[in-house]
Amino acid sequence: MTSKNLFWVRCKENNKRRIWVWIVSILLQLVSYPAVMTVYLSRIQFWNKEGMYATKDIYKTALYEATADAIGFQPKTYMFVIILALLIGMQGFSYLYDRKKVDMYHSVPIPMESRYATIYWNGIASYLIPCIASIFIAILIALTQGAMGGTVLAECGYAFVLNLLFFLVIYHTTILAVMLTGNKVITGFLIFGFLFLEYFAVQLYNGLKYTFFDTADNYFTNLEPQLSPIYDYSMKVYELKWETDLTKIGDIIFPMYIKWFVLMAVLGVIAYLCYWKRPAESAGKAIAFGKAKPVLKVVIATMVGAAICYLVYESAYYNVWITVLAMLAGTILCCGALEVIFEFDIRAMIKHLVSSGVSIGIVLIIFCIYHFDILGYDTYVPDVEDVESFALYTGTYYQDYFREGDGYDYITENEYYKQNMFLTSVEEICELVKKSQNIEGEEMGEGRQFYVLYRLKSGREVSRRFYVDFDDASNEELLNEIVGNEEYINGVYQIAKAEKVLENKTLEISYSNGTVEKALPSVDAEKIKEAWLKDMEQFDFSLARHNRPCGKIELLFTDCYNIWNLPVYDSFTNTIDYLKENNAYYPLELNPEDIASVTVTNYHYSLYEEATLYEESTINSKVVATSVTAATDVTETFTEPEEIAEIVAHIYPTNLDLNWNSVDELEQDYEITIAFKAGADYPYGAGYYYYQFINGEVPGFVEEATAWTPEE
Amino acid sequence: MIEVYNVTKTFEQIKAVDAVSVTIKENTVFGLIGTNGAGKSTMLRMITGILKPDDGTIAIDNMPVYDNIEAKKKFFFIADEPYFFANANAGTMEHYYSSIYENFNKEEYNKYLENFNLDKRRKIATYSKGMKKQLALILGICAHTKYLLCDETFDGLDPVMRQGIKSILAKEMEENGLTPVIASHNLRELEDICDHVGLLHKGGVLLSKDLEDMKCNIQKVQCVFSSIEDELKALSGLDVLKKEQRGSLRTITVRSTREEIIAHFATVSTVFFEVLPLSLEEIFISETEVVGYDIKKLILG
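Please read all numbers here as calculations on a predicted model, not as lab measurements.

## As for the overall build of chain A
When helices and strands are tallied, chain A shows 23 helices and 16 strands. Relative to its length of 712 residues, chain A is extended, with a C-alpha radius of gyration of 33 Å against a globular reference of 27 Å. Considered along the principal axes of its C-alpha atoms, chain A spans approximately 105 × 70 × 70 Å. Here chain A holds 712 residues, and 35% of them are scored as buried. In chain A, 76% of the contacts between residues at least 6 apart in sequence involve partners at least 24 apart.

Below, the structure written as structure tokens:
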């Protein structure tokens, strides 16, 4: 018999002992594809009969979407794939756990590579053949229902390759775990470890960083797992599912293909090498390779120790001794438990004390690095000469950002900043950060957390968080230098860089002074941009800090519902002139004669404690104290013209953003609702408008009228 | 020929086999004897290429055995607990082994199954322990390899079956040049079948000899000497392994041939003299006592 024939004979023989795996695979795949396809399509057909789809085109689109949901990117598939990969991988090579089986298989004249190849390829076949057949049946079902199009088919192809690579990564991980262990339970633990170790390590790293370091930033950089296929899949599958553009799917999916292919290949090679090196006597033992035990022990125990540090430090109110004791106890217990697992012997708990000592040592070093900030994380300020540029998030603007293109892909704010904000006032930012590091808690005035991303000339990017005291006059100068320039405007306001997007027909522009909203001609988008940017030349921290916007221009892209808000200040003469030309400018101040009534509610938040009474009540035959908080809000409506005039002179609309101003700029206790007269000159819409008092400007008669006294 | 040279195998800190050298000649029945834990199974598992020795070499017909398919084609290994596939019957196993061993004789296999009253269609899981061992032996014999390595295979077989198997082995040796290697912890089981015996103890070989040589070279003499002088004269020229005295009757175990003993004692005056044959058990007792072991405790129980 030729070696090729022998291979097929062996495959056939091997498959006879894997029939149940085939059955499980076939059932899961039939459920996953044709059954789901049938359900999805029949649902669409039912809704069509119910008249849900107005036109044939809409119905057709719904059918296509249903087909894509069934055989394209779908979150449920990856659970099936994981189950099959684990099952097939473990079942195929589980003979290595059993000495009797090892004795038989390894004594017969079959080459080791041939035995591996037989089991390996049969495993893949038991996934792949039912998968292809099921998808084929699903496609046939879709074709008969007229629910299959070229794009859907291409998406199905992308998803098929993605799932196959995902299967192979998990399959190879499983085989590697089997090769390294001699027992199913331990294999299970090791697979879990392989699949999630990096994820846990990253979470631990991030967690410890944020727990111990005041300047840890999670805005610009947050370490994410790179080698976890499950994390990758769960993160990307929804993005892929909702993406309809094949080119964009390709952009997302090809890097994943490459990464998973490399990962799969590396795992496969290591698994195969372990198969060759695996001693037959390891059948039934916990770990196949004795030398792997101390490595595993140190890695796991160190992670457990670090995790305990993370969990206990905050809970123990930053008590160092409690944290250290908990870490040591956890690490020692973990070392002991691992020895018991490795040896299947409770007496082994105190064995191999060297590796236990190493684990404890590493855990203590980790704690010291974080607790004493040995690496100088919190005191890091780059040398001015080393910084190319930086991006700064000041926590002030809430805008939508999108990638200009056909589909206007939404992108996150921090991503936009990373890509578009290149500030060069390096000296000033370093000075600001240094000042922030030297500030003591009690010296802190009102301010805000800033996030900075340094782009170093070496190509490295480093990010930090720091607190900026707005009350510190010397900071004002620095901030003026940093934000009062074109670089900053370009980095924050997408309109500054917008070109074709302003010609978008779905763009709607309006101006609002917080009360009235007037539409502006969208054809003027470029004109508005020009005027506003001209005005923004005067923008700096001082302007924004010490002035309140008198209105805002809103640009709404109705096809994607992205909004850009542009603040307008009294000094923005170019913008205001344009608005006036278009009869869209209305001053912030309201005309009391237009107002029918003003309703003021004083919530008395500061009296909350006083308003809370404790009463005795009985729960489960026990007398307990329960708190009852009396309502502290007092509402009063003012209709007298003098009173109205006095009130409106001291209020500010709630729907204008006070980004840079003091948090105490407006009085938080009061809510003001204004009802306008029906025949007012001012073009108010119907309904109510909400305002707040400017801090310290609440008229005395309002305070008196809305005072709260506790009930006796 | 199977040549085991200076082989050592350690499991964690325990030396299971320690510098063992054994040669298994073709067309003989080699008995590997030792207590539980003596290293018999480890030896066989190394000879069959399942385990890799830490040190030393193992060659089957001058071919290294570990991961060598050509060497593995030369033998069939029957483990102490033979493995059969889940839900398999004798037919399933026939199919599997016939796809692996080119010379597997299906007709012979069916004939043996019939002779041993083993139902080919019955699930092996329902077989008794003895039946499973019979089936493993039949599979091994029908594979028609040059060597048949059996680990405790005769344990659990009833005397009739054992005799039947022995007859088949004898026939295969004669007709096909089979070389069985049988490991057992029970010396009595191998006494009437082995040509050569290797005694393992605590991972090392206490002795490895041809049974015939052992039988021919050790004699038990019972005699009553006429005088003390005669006794001293008689014993002075002999390699005495053991000497017992009950009244004037001396029982002497001597390493020599029967003829040499008779000729030697002819030179001294004896009241009574008789050369008796030694059982394998007695030979082992004598041989191992010489090297300081109490064989009764080791393998006779």
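## Comments concerning the overall build of chain B
Within chain B, the secondary structure is distributed over 12 helices and 14 strands. By principal-axis analysis of the C-alpha atoms, chain B measures approximately 75 × 45 × 30 Å. Looking at chain B as a whole, 40% of its 301 residues are labelled buried. Sequence-distant contacts in chain B: of pairs separated by 6 or more residues, those separated by 24 or more amount to 69%.

## Observations concerning the sheet that holds strand β14 (residues 651–653) of chain A
Residue and element names in this part refer to chain A. Spatially, five strands are ordered β13-β10-β15-β16-β14 in an open sheet, and the strand pairing comes out antiparallel. This sheet does not close on itself; its edge strands, each paired only once, are β13 (634–638) and β14. Averaged over all pairs of adjacent strands, the angle between their axes in this sheet comes to 30°, without regard to strand direction. Looking at chain direction, strand β15 (residues 670–676) and strand β16 (residues 688–693) are connected through four bridges and run antiparallel. Opposite T673, over in β16, you have Y690 as the bridge partner. Along the sheet, helix α22 (residues 641–648) contacts β10 (595–602), β13 and β14; its crossing angle with β10, the most-contacted strand, is approximately 60°.

## Regarding the packing of helix α7 (residues 150–180) of chain A against helix α8 (residues 184–212) of chain A
Packed helices, taken two at a time, are described by the angle between their axes plus the distance between the axes. Residues and elements named next belong to chain A. Their axes nearest at 9 Å, the elements α7 and α8 cross at an angle of 135°. Between α7 and α8, the crossing angle belongs to the class labelled oblique. For the pair α7 and α8, the crossing hand works out as right-handed. When α7 is examined against α8, the residues T173, T174, A177, V178 and L180 are found in contact with a partner set consisting of T187, L190, I191, F194 and L195. Taken together, the residues of the contact of α7 with α8 sort by class into seven nonpolar, three polar and no charged.

## What to know about the interface of chain A and chain B
Between chain A and chain B, the residue contacts involve 18 residues of the former and 19 residues of the latter. Broken down by secondary-structure element, the contributors of at least two residues to the side of chain A that touches chain B are α1 (3–16) and α5 (99–107) of chain A. In terms of residues, the side of chain A that touches chain B owes the most to one element, α5 of chain A, which gives seven residues.

## Notes on the pairing of strand β9 (residues 196–201) of chain B
All names here are of chain B. Among the six residues in β9, six count as buried, and that is most of the element. Residues H196, G198 and L200 line one face of β9 and the alternating positions V197, L199 and H201 line the opposite face, and both faces are buried. Where strand β3 (residues 30–34) lies against β9, five bridges are found, and the strand directions are parallel. Across the sheet, L32 pairs through a bridge with G198, a residue of β9. Taking the residues that link successive antiparallel strands as the turn, the β9-strand β10 (residues 204–210) hairpin has two residues, and the phi of K202 there is positive, at about 50°.

## Focus on the domain arrangement of chain B
Each assigned domain of chain B is listed here: domain 1 (2–202) and domain 2 (213–300). Using only C-alpha atoms to locate each centre, domain 1 of chain B and domain 2 of chain B end up separated by 36 Å.

## Notes on unusual backbone geometry
Residue H604 of chain A is not a glycine yet carries a positive backbone phi of 50°. Its place among the elements puts H604 of chain A in the loop between β10 and α21 (608–611). H604 of chain A sits in the partly exposed class, given 18 other C-beta atoms within 10 Å. At H144 of chain B, a position not held by glycine, the phi torsion is positive, near 50°. Note that H144 of chain B resides in the loop between α5 (129–142) and β7 (147–151).

## Re the sheet that holds β9 of chain B
Residues and elements named next belong to chain B. Taken together, six strands build an open sheet; the order of strands is β6-β7-β8-β3-β9-β10 and the sheet is mixed. Of all the strands in the sheet, the pair left with one neighbour each is β6 (75–78) and β10. The sheet shows a mean angle of 15° between the axes of neighbouring strands, direction not considered. Pairing of β3 with strand β8 (residues 179–184) involves four bridges; the strand directions are parallel. Residue pairing in the sheet places F30 in a bridge with V181 of β8. Relative to β7, helix α1 (residues 40–47) is tilted by about 150°, and along the sheet it contacts β3, β6, β7, β8 and β9.

## A few points about the nonpolar core
With 170 residues, the main nonpolar core has M37 and F166 of chain A together with L149 of chain B as its most contacted residues. Among the elements that line this core, the one with the most residues is α7 of chain A, at 18 residues. Discounting residues that sit within four places of it in the chain, L149 of chain B has contacts with L44, I47, T48, F75, F77, I78 and V181 of chain B. Among the nonpolar cores identified, the runner-up in size contains 52 residues, and V468, Y488, V492 and A531 of chain A belong to it.

## Some words on the domain arrangement of chain A
Considered domain by domain, chain A is made up of domain 1 (3–279), domain 2 (299–371), domain 3 (384–492), domain 4 (496–581) and domain 5 (592–705). When each unit is reduced to the centre of its C-alpha atoms, the spacing between domain 2 of chain A and domain 3 of chain A is 39 Å.

## Some remarks on the environment of V152 of chain A
All names here are of chain A. Of note, V152 is situated in helix α7. By C-beta crowding, V152 is classed as buried, having 23 other C-beta atoms within 10 Å. Spatially, the C-alpha atoms of V152 and F557 are 28 Å apart, while their sequence positions differ by 405 residues. The contact partners of V152, leaving out residues within four places of it in the chain, are Y64, T67, A68 and G72.

## As for the packing of helix α11 (residues 292–315) of chain A against helix α13 (residues 353–371) of chain A
Residues and elements named next belong to chain A. It is at 9 Å that the axes of α11 and α13 come closest, and there the two elements cross at 35°. With respect to the hand of their crossing, α11 and α13 are arranged in right-handed fashion. Where α11 abuts α13, its residues P294, K297, V298, A301, T302, G305, A306 and C309 lie against S355, V358, S359, I362, V363, I366 and F367.

## Considerations on the environment of L135 of chain B
Residues and elements named next belong to chain B. Its location among the elements puts L135 in helix α5. A tally of 25 C-beta atoms within 10 Å means that L135 is categorised as buried. Taking the C-alpha atoms as reference points, L135 and A90, 45 residues apart in sequence, are found 7.5 Å from one another.

What counts, and at which threshold
- Residues numbered from 1 in each chain as written.
- Chains lettered and ligands numbered in written order.
- Predicted model: local features only at pLDDT ≥ 70, side-chain atom pairs only at ≥ 80, totals over all residues.
- Helix = DSSP H or I, 4+ residues; strand = E, 2+ residues; numbered from the N terminus.
- Rg over C-alpha atoms; globule rule 2.2 N^0.38 Å.
- Buried ≥ 20, exposed ≤ 12 C-beta atoms within 10 Å, placed from the backbone.
- Contact = placed C-beta atoms within 7 Å.
- Pairing = 2+ DSSP bridges.
- Axes fitted to C-alpha atoms, helices over the stretch in contact; angles between N-to-C directions.
- Parallel < 35°, antiparallel > 145°, perpendicular 65-115°, else oblique.
- Left-handed = near helix turned anticlockwise from the far one by under 90°.
- Nonpolar A, V, L, I, M, F, W, Y, C, P; charged D, E, K, R; others polar.
- Domains from an automatic or database assignment.
- Core = buried A, V, L, I, M, F, W, Y, C linked by C-beta atoms within 7 Å.

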